[in-house]
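A structural walkthrough
Below are the chains, spelled out letter by letter.
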Amino acid sequence: MIVLGIETSCDETAAAVVTDTGEILAETVLSQLDEHRPYGGVVPEVAARAHLEHIDRLVGETMSKAGTGFDQLEAVAATGGPGLIGGVIVGVMTAKAIAVAQKLPFIAINHLEGHALSARLEATNRVEFPYLLLLVSGGHCQLLSVEGPGHYKRLGTTIDDALGEAFDKTAKMLGLGYPGGPAVEAAAKHGEASRFALPRPMKGRPGCDFSFSGLKTAVRHAAMALPEGPFEERDIADLCAGFQAAAGDVLADRTAHAIDRFLQEHDKCNALVIAGGVAANQSIRQRLQKLADKQAIPLVAPPASLCTDNAAMIAWAAIERITASGPGAAEDGLDFRPRPRWPLDPDAPSAAFAGAKA
Ligand code: KG4
Ligand code: ZN
């Protein structure tokens, strides 16, 4: 089975051709970083226009790189939400047009489902259901119990900022570049984490929700208390190290609670999977590795190219859905409407910030 996937929900225009054996025949990811950098963040209108400009060429190039004809495809899938709506519309309409022209089923994939199942995009040693997912990106910070395609239970989410967003804002505050995550991580390497006493919001509280806005404000206050003038390199390094250590402690504490909750409902947790752009952070990975080792649960981190936004995870999620329920049941039909908000677990209690963007 071969599926074409399209991803356009944030600032990456991406297409991929994937097989049901877990092989990525071809994939292309076009980052819009240069377009958004002058604004210090993603501008929805700029993103939508950039997707529109590149998507046709990108799909064509990816199909020829894969050596696949449209008539060999089982289905065409696109991110149907949640995300920046202008971009989602571009991807959905492109996929629908291909589906009509080629008489193929169209499948709309929840972007979060793409992230949730990306750890299974493996030819061998595929992680088994159920597992615990920590999704940490620029738009999300969620703990999910992944029980099978279409079966997700949200155990916790952020009540304010997503962690990637907090990394980006910290970087901006300290005059580091965009995106902030990699810049904060690089600066933190030379820093002393204990110099500034930064808070660990929600640590020790019951439940699995997150909050990062207080931590971000504490970094701002610490920065403002420094002597006037441009920041010294040492100050930046120490603040970044302190922020990163606090974020790691909070993630580990909330995830430990989620593991307890998970094990109340399942005999075993097959893996702790981390996904999303922040999962690329080595210090955070080490912190979670320590927790996973303590709990004797394998930590699974997909390669960075599958952690950040990509289309292979969208094609793969469609393959999982077709495999679980058959092509007919997985098809969404051309009346599907792009969804700016689309919770993976509609029964979860709403939090102040439950995934406005991807
Ligand atoms: O998953 P992603 O590519 O896009 C979204 O769906 O948001 O995640 C992007 C986010 C950005 O906030 C970026 O600063 C953060 O992931 N990020 C990192 C690192 N690399 C990317 N955060 C911390 N450390 C990193 N090395
Ligand atoms: Zn994402």
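Residue positions are given per chain, counting from 1 as you read along its sequence in written order. Going through the entries in the order they are written, you letter the chains from A and number the ligands from 1. Only residues with pLDDT of at least 70 are given local features in this predicted model, and only at 80 or more are side-chain atom pairs given and counted; all residues enter the totals for whole chains, interfaces and linings. For the side-chain quantities, the full set of heavy atoms in the structure was used; hydrogens and water were omitted.

Some remarks on the overall build of the protein chain
Here is the rule we go by: In this text, helices come from DSSP runs of H or I with a minimum length of four residues, and strands from runs of E with a minimum of two, each type numbered from the N-terminal end. Our radius of gyration looks at C-alpha atoms and nothing else; its globule reference is 2.2 Å times the residue count to the power 0.38. Here the term buried applies to any residue with accessible area under 20% of the maximum for its type, exposed to any over 50%, and partly exposed to those in between, with areas from a 1.4 Å probe on protein chains only. Contacts: residue pairs with any heavy atoms within 4.5 Å of one another. Accessible areas in this description were obtained via Shrake-Rupley with a 1.4 Å probe; residue shielding takes into account the shown protein chains only. We treat Lys and Arg as the positive residues and Asp and Glu as the negative residues; His and chain ends play no part in the count. Positions of charges follow a simple convention, taking NZ of Lys, CZ of Arg, CG of Asp or CD of Glu.
When its secondary structure is counted, the protein chain shows 12 helices and 10 strands. A compact globule built from 358 residues would reach a C-alpha radius of gyration of about 21 Å, and the protein chain, at 20 Å, matches this within 12%. The principal-axis extents of the C-alpha atoms in the protein chain amount to approximately 65 × 50 × 35 Å. Relative to its 358 residues, the protein chain shows a buried fraction of 57%. Counting contacts in the protein chain only where the partners sit at least 6 residues apart, residues at least 24 apart contribute 74% of the total. Carbon and sulfur atoms form 52% of the exposed surface of the protein chain, whose accessible area is close to 14,800 Å². A distance of 5 Å separates the average location of the 32 positive side-chain charges in the protein chain from that of its 43 negative side-chain charges.

A closer look at the pairing of strand β6 (residues 131-136)
In summary, the side chains of a regular strand alternate between the two faces of the sheet. As a reminder of what qualifies: By definition, two strands form a pair when at least two bridges between them are found by DSSP.
Most of β6 sits out of view: six of its six residues are buried. Neither face of β6 is exposed, since Tyr131, Leu133 and Leu135 on one face and Leu132, Leu134 and Val136 on the opposite face are all buried. Adjacent in sequence and paired antiparallel, β6 and strand β7 (residues 141-148) are bridged by four residues. Two strands pair when backbone bridges link them, and β6 and strand β9 (residues 272-275) are joined in this way by four bridges, in the parallel orientation. Among the inter-strand pairings, Leu135 is bridged to a residue of β9, identified as Ala275.

What to know about the pattern of salt bridges
Basically, it comes down to this: One speaks of a salt bridge when a side-chain nitrogen belonging to Lys or Arg is within 4 Å of a carboxyl oxygen belonging to Asp or Glu.
Counting across every chain of the model gives 15 salt bridges. As a salt-bridge pair, Lys216 and Asp161 come within 2.6 Å of each other at their nearest N and O atoms. Residue Lys216 is found in helix α7 (residues 213-224), and its partner Asp161 is found in the loop between β8 (151-157) and α5 (163-173); the two are separated by 55 residues along the sequence. Judged by its relative accessible area of 8%, Asp161 is buried. Close ionic contact of Asp249 with Arg287 constitutes a salt bridge, the shortest N to O distance being 3.0 Å. Taken together, the residues span a long stretch of sequence, with Asp249 in helix α8 (residues 233-265) and Arg287 in helix α9 (residues 282-295) at a distance of 38 residues. Judged by relative accessible area, Arg287 falls into the partly exposed class, the value being 26%. Linked through salt bridges whose partners overlap, the residues forming this network are Asp161, Glu165, Lys169 and Lys216.

Quick look at the side chain of Ser118
The residue Ser118 is located in the loop between α4 (111-117) and β6 in this model. Judged by its relative accessible area of 1%, Ser118 falls in the buried class. Residues contacting Ser118, with those up to four places away along its chain left out, are Pro302, Leu306 and Met313.

Description of the packing of aromatic side chains
Spelled out, the test is: Between the rings of Phe, Tyr and Trp (Trp by its six-membered ring), a pair exists once the centres lie within 6.5 Å; its type follows the angle of the planes, with under 30 degrees stacked, over 60 edge-to-face, and the other angles tilted.
Taken as a whole, this structure holds five aromatic pairs when the rule is applied. Ring geometry for Phe210 against Phe212: centres 6.1 Å apart, planes inclined by 20°, an arrangement best described as stacked. This pair shows no difference in class: Phe210 is buried, exactly as Phe212 is. Taken together through their ring pairs, the aromatic side chains of Phe106, Phe336 and Trp342 make up a single cluster.

Comments concerning the side chain of Arg120
By the secondary structure assignment, Arg120 is in the loop between α4 and β6. Among the residues examined, Arg120 registers a relative accessible area of 12% and is labelled buried. Excluding residues within four positions of it along the chain, Arg120 makes contact with Arg126, Val127, Glu128, Phe129, Tyr131, Trp316 and Glu320.

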